[in-house]
Amino acid sequence: MLTYNNFKMYQVSLSAGAEYSSWLYALEKKLRNKLNESALIVTRNEPKRVYIAIACENQAKRKISKEIFESLLDVFASLSKQHYYLENLHLPLLCEEKYNILLAALIEFDSISDRSLIKESFVLENGLSIDGIYNFAFKKVKSRWQEIGDLTKENASFLSDNEIFFELIKYLFSAICPKIEKALCLFDGKKYLLYEPNNTCPIAEANNEEELFCTLIKTAPIYLELSGDIKKDTLIKLNTIFKNNEEESFNLKKRV
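The paragraphs below set out a description of the structure included in this document.

The next thing to look at is the pattern of salt bridges. Side chains that carry opposite charge are capable of pairing whenever their charged atoms lie near each other. For the coordinates displayed, the defined rule picks out 16 salt bridges. We note a salt bridge from Arg 49 to Asp 131, for which the minimum N-O separation is 2.8 Å. Of the two residues, Arg 49 sits in strand β4 (residues 49-57) while Asp 131 sits in helix α5 (residues 130-136), which places them 82 residues apart along the sequence. Looking at Asp 131, the relative accessible area reads 10%, which means it is buried. Linking Glu 108 and Lys 179 is a salt bridge whose minimum nitrogen-to-oxygen distance equals 3.2 Å. Within this pair, whereas Glu 108 is found in helix α3 (residues 96-108), its partner Lys 179 is found in the loop between α7 (162-174) and β6 (182-187), the two being separated by 71 residues in sequence.

Dropping the structure here:
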């Protein structure tokens, strides 16, 4: 326990091997955004490992530890899942653009169940090894990811067909928890800008169609409105994903 000017402080230190350093930096960014100035955050680089230490007044321990735990869940549910599929899901018949879109959908697919399993896999404690948790405590969640990956491999030969591919993306998208209610996608002739209603600053930008689909999958809006001279082929793909079968209508519309 640290002391500073006679105040007892709560501290927790986490680390990751060099191969997983991006996970720790993502965690640091999340914590700095969430905690602002309510905690001291320090990172240290060594040749083989990267360390982060978070300290706060003892009275804020419960709040800070909860934020650290939730941020770790975010990192594990996204970056570790991406890492797993990049290592284990090889689809040589699929072009890079489609593979990246599929990967984005698989990462977000049924993330609530992922988080539930990951939550059971670790306890926040001082000296926690982030890569150690991933490599040795993720048996259940990796088994689940493997099942989905194996099923994808078995059907890989069909995914070169555009219609089948985007039907699969639609299915995966239907199980993604929406992050925003409604979004406006504006194409300015060079890039796609994604806005929330009544907000003049874009929440995301995409330089091409691949980035657009990955961004939409990650933000998962319930309703999508389009503006600008968007290509017909892109519109067809968007319609495939956003079509609402139950209501036989579209959650996507083109602004006139």
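A few words on the pairing of β4. The sheet contact formed by strand β3 (residues 40-45) and β4 spans 6 bridges and is antiparallel. Bridging from a neighbouring strand, Ile 41 pairs with Ile 54 of β4. Where β3 folds back onto β4 in an antiparallel hairpin, the turn is made up of 3 residues.

One pass over the full model with this rule turns up 14 aromatic pairs. Seen in terms of ring centroids, Tyr 84 and Tyr 85 are 5.5 Å apart; in terms of plane orientation they differ by 75°. Their pairing is edge-to-face. Tyr 85 matches Tyr 84 in its accessibility class, with the two residues each being buried. With 5.4 Å between their ring centres and 50° between their planes, Phe 166 and Phe 213 make a pair best called tilted. Here the residue Phe 166 occupies a position in helix α7, and Phe 213 occupies one in helix α8 (residues 209-219), the gap between them amounting to 47 residues. Comparing Phe 166 with Phe 213 shows no difference in burial state: the two are buried. Grouped by ring-pair contacts, the aromatic residues Tyr 20, Trp 23, Phe 69, Phe 76, Tyr 84, Tyr 85, Phe 122, Tyr 134, Phe 138 and Trp 145 constitute a single cluster. Sitting above the plane of the Tyr 51 ring, Arg 44 keeps its charged end 4.4 Å from the centroid.

This brings us to the state of the cysteines. Scanning the model with the defined rule gives 0 disulfides in all. Of all cysteine sulfurs in the structure, the one in Cys 214 sits closest to Cys 95, which takes part in no disulfide; the separation is 12 Å. As a non-bridged cysteine, Cys 185 has Cys 214 as the owner of its nearest cysteine sulfur, 13 Å distant. Here Cys 185 falls in the buried class, since its relative accessible area comes to 1%.

Moving on to the packing of helix α1 (residues 21-35) against helix α2 (residues 61-88). In contact at an axis separation of 9 Å, α1 and α2 are set at 145° when each is read in the N-to-C sense. Judged by the sense of rotation from one axis to the other, the crossing of α1 with α2 is right-handed. Residue-level inspection shows Ser 22, Trp 23, Ala 26, Leu 27, Lys 30, Leu 31, Lys 34 and Leu 35 of α1 in contact with α2, the latter providing Ile 64, Glu 67, Ile 68, Glu 70, Ser 71, Leu 72, Asp 74, Val 75, Phe 76, Leu 79, Ser 80 and His 83. Broken down by class, the residue content of the contact of α1 with α2 amounts to 11 nonpolar, 4 polar and 5 charged.

Parameters and conventions
- Residues numbered from 1 in each chain as written.
- Predicted model: local features only at pLDDT ≥ 70, side-chain atom pairs only at ≥ 80, totals over all residues.
- Heavy atoms only, no water.
- Salt bridge = Lys/Arg side-chain N within 4 Å of Asp/Glu carboxyl O.
- Helix = DSSP H or I, 4+ residues; strand = E, 2+ residues; numbered from the N terminus.
- Buried < 20%, exposed > 50% of the residue type's maximum accessible area, 1.4 Å probe, protein only.
- Pairing = 2+ DSSP bridges.
- Phe/Tyr/Trp six-rings, centres within 6.5 Å; stacked < 30°, edge-to-face > 60°.
- Lys NZ or Arg CZ within 6 Å of the ring centre and 35° of its normal.
- Disulfide = S-S within 2.5 Å.
- Axes fitted to C-alpha atoms, helices over the stretch in contact; angles between N-to-C directions.
- Left-handed = near helix turned anticlockwise from the far one by under 90°.
- Contact = heavy atoms within 4.5 Å.
- Nonpolar A, V, L, I, M, F, W, Y, C, P; charged D, E, K, R; others polar.

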